[in-house]
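# An overview of the molecular structure
Each chain is listed here by its residues.
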Amino acid sequence: MFLIVAKVAFFFLRPSNVILFLVLGGAVLLLFRWRRTGTTLVVVGALLMLACGLGPVGNMLFLALESRFPKVAEVVTPPTGIVVLGGAVDTIRTERHGQVALAESAERVTAAVALARRFPEARIILSGGQVAIFPGTVQEADAMVTLMASLGIHSRRPVLENRSQNTWQNAVYSLDLAKPQPGERWLLVTSAFHMPRAIGVFRKAGWTGIEAYPVDYRSTSDHLGFTSVSRGLRFTDIAVREWIGLAAYYLTGRTDSLLPGPDGAGK
């Protein structure tokens, strides 16, 4: 139920959809001679499209999230284990075409493969179920292990957590599988923009010794705008969804701060 409510709510909150609703609503009002209100809505929609599509909005929202945890240049001490969050595989296309189809956050699993090769003794947990409203038969963790096997990681090595539908369940179900002991170090692999919420949730779930290993960076430092409206709107949609997720998790008690940071910063 939570999955359906979240997806339906974001349909109406998605910036690209809000812009469309404003422009269409304004156009309808213009047809019925409410010119002032209609013109206002169309102009506001057009300005938002410029700001989000070609302007700096999406990039700035990503920068605030991705700069929260420092990039890990090199892991020196072998970790006890590695937790990889879903988002790297498109389960719908995977099922439809019969081969693993990578999603936008594919770097989560490719980075995990590199870590697994470097630390052959480290335990691996792949966490991800089916997050579509109308689910198919392919669970993301199952697809990830298939992909990792094709890249040289034995399929029996990872432990699969394939029930989760959100970040909170990622943490709770993975914790139950790993049963981390005091003094153990676990690397959490997920997109840099998703790391604040993920770390906050894992801490709240009671996982000690969890360390951020952010990948899949989206923001740029050389320019603030985008070269196409579609790319800018897509980036803005993703970033706004993450900020909404942070607020929702904080308000429902699934994290201890609105923007979790290293060593509990942000409380």
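Refer to the preceding data block for the structure.
Below: a short report on this structure. (Residues numbered from 1 in each chain as written. Predicted model: local features only at pLDDT ≥ 70, side-chain atom pairs only at ≥ 80, totals over all residues. Heavy atoms only, no water.)

What follows deals with a nonpolar patch on the surface. Together, Ile-4, Val-8, Phe-11, Phe-12, Leu-20, Phe-21 and Leu-24 make up an exposed nonpolar region whose accessible area comes to about 640 Å². If you list the elements that add at least two residues to the nonpolar patch, you get α1 (2-13) and α2 (15-31). Residue contributions to the nonpolar patch peak at four residues, all from α1. Tracing the backbone shows Leu-24 in helix α2. (Patch = residues over 30% accessible without salt bridge, like charges linked within 9 Å, V, L, I, M, F, W, Y side chains within 5 Å. Areas by Shrake-Rupley, 256 points an atom, 1.4 Å probe, with all protein chains shown as cover. Salt bridge = Lys/Arg side-chain N within 4 Å of Asp/Glu carboxyl O. Helix = DSSP H or I, 4+ residues; strand = E, 2+ residues; numbered from the N terminus.)

The geometry of α2 relative to helix α10 (residues 229-251) is characterised by a closest axis approach of 8 Å and an angle of 115° between their N-to-C directions. Contact residues: α2 offers Pro-15, Ser-16 and Ile-19, while α10 offers Leu-233, Thr-236, Asp-237 and Val-240. Along the lines of polarity and charge, the residues of the contact of α2 with α10 split into four nonpolar, two polar and one charged. (Axes fitted to C-alpha atoms, helices over the stretch in contact; angles between N-to-C directions. Contact = heavy atoms within 4.5 Å. Nonpolar A, V, L, I, M, F, W, Y, C, P; charged D, E, K, R; others polar.)

For the structure on display, the rule yields eight aromatic pairs. Taking 5.1 Å as the distance between ring centres and 90° as the angle between the ring planes, the aromatic pair formed by Phe-11 and Phe-12 counts as edge-to-face. Plain terms: the ring middles of Phe-12 and Phe-21 are 6.3 Å apart, the flat faces sit at 35° to each other, and that makes the pair tilted. The class for Phe-12 is exposed, based on a relative accessible area of 52%. Members of the aromatic cluster, each reached through a chain of ring pairs, are Phe-11, Phe-12 and Phe-21. Between Arg-254 and the ring centre of Tyr-249, over which it is positioned, the NZ or CZ distance is 5.4 Å. (Phe/Tyr/Trp six-rings, centres within 6.5 Å; stacked < 30°, edge-to-face > 60°. Buried < 20%, exposed > 50% of the residue type's maximum accessible area, 1.4 Å probe, protein only. Lys NZ or Arg CZ within 6 Å of the ring centre and 35° of its normal.)

Okay, unusual backbone geometry next. Unusually for a residue other than glycine, Lys-179 sits at a positive phi of about 45°. Mapped onto the secondary structure, Lys-179 falls in the loop between α8 (167-178) and β4 (186-191). Given a relative accessible area of 53%, Lys-179 falls into the exposed group.

Membership of the largest hydrophobic core comes to 27 residues, with the highest contact counts inside it found for Val-84, Leu-115, Leu-126, Met-148, Val-189 and Tyr-213. Mapped by element, the contributors of at least two residues to this core are β1 (81-85), α6 (107-118), β2 (123-127), α7 (140-150), β4 and β5 (210-215). Apart from the residues lying within four places of it in its own chain, the contact partners of Met-148 are Val-109, Ala-112, Val-113, Ile-124, Leu-126 and Ile-153. In this structure, Ala-178, Trp-186, Ala-212 and Tyr-249 belong to the second largest nonpolar core, which totals 18 residues. (Core = buried A, V, L, I, M, F, W, Y, C linked by side-chain atoms within 4.5 Å.)

With respect to topology, five strands assemble into an open sheet ordered β3-β2-β1-β4-β5, the strand pairing being parallel. Looking at which strands have only one partner, the edges of the open sheet turn out to be β3 (158-161) and β5. Going from strand to strand, the sheet's axes swing by 20° on average, the running direction of each strand aside. Here four bridges tie β2 to β3, and the two strands are oriented parallel to one another. Paired with Ser-127 across the two strands is Glu-161, which belongs to β3. Strands in contact with α6 are β1, β2, β4 and β5; relative to β4, the strand with the most contacts, it is inclined by about 150°. Docked against the sheet, α8 engages β1, β2, β3 and β4, running at close to 150° with respect to β2. (Pairing = 2+ DSSP bridges.)

Turning our attention to helix α4 (residues 57-66). What sets the pattern is the α-helix's 3.6 residues per turn: residues three or four places apart point alike. Within α4 the residues assigned to the buried category are Gly-58, Asn-59, Phe-62, Leu-65 and Glu-66. Each buried residue of α4 sits inside an arc of 125° when the element is viewed along its axis, so together they form one side. Elements that come into contact with the buried residues of α4 comprise α9 (195-204) and α10. (Arc of directions from axis to C-beta.)

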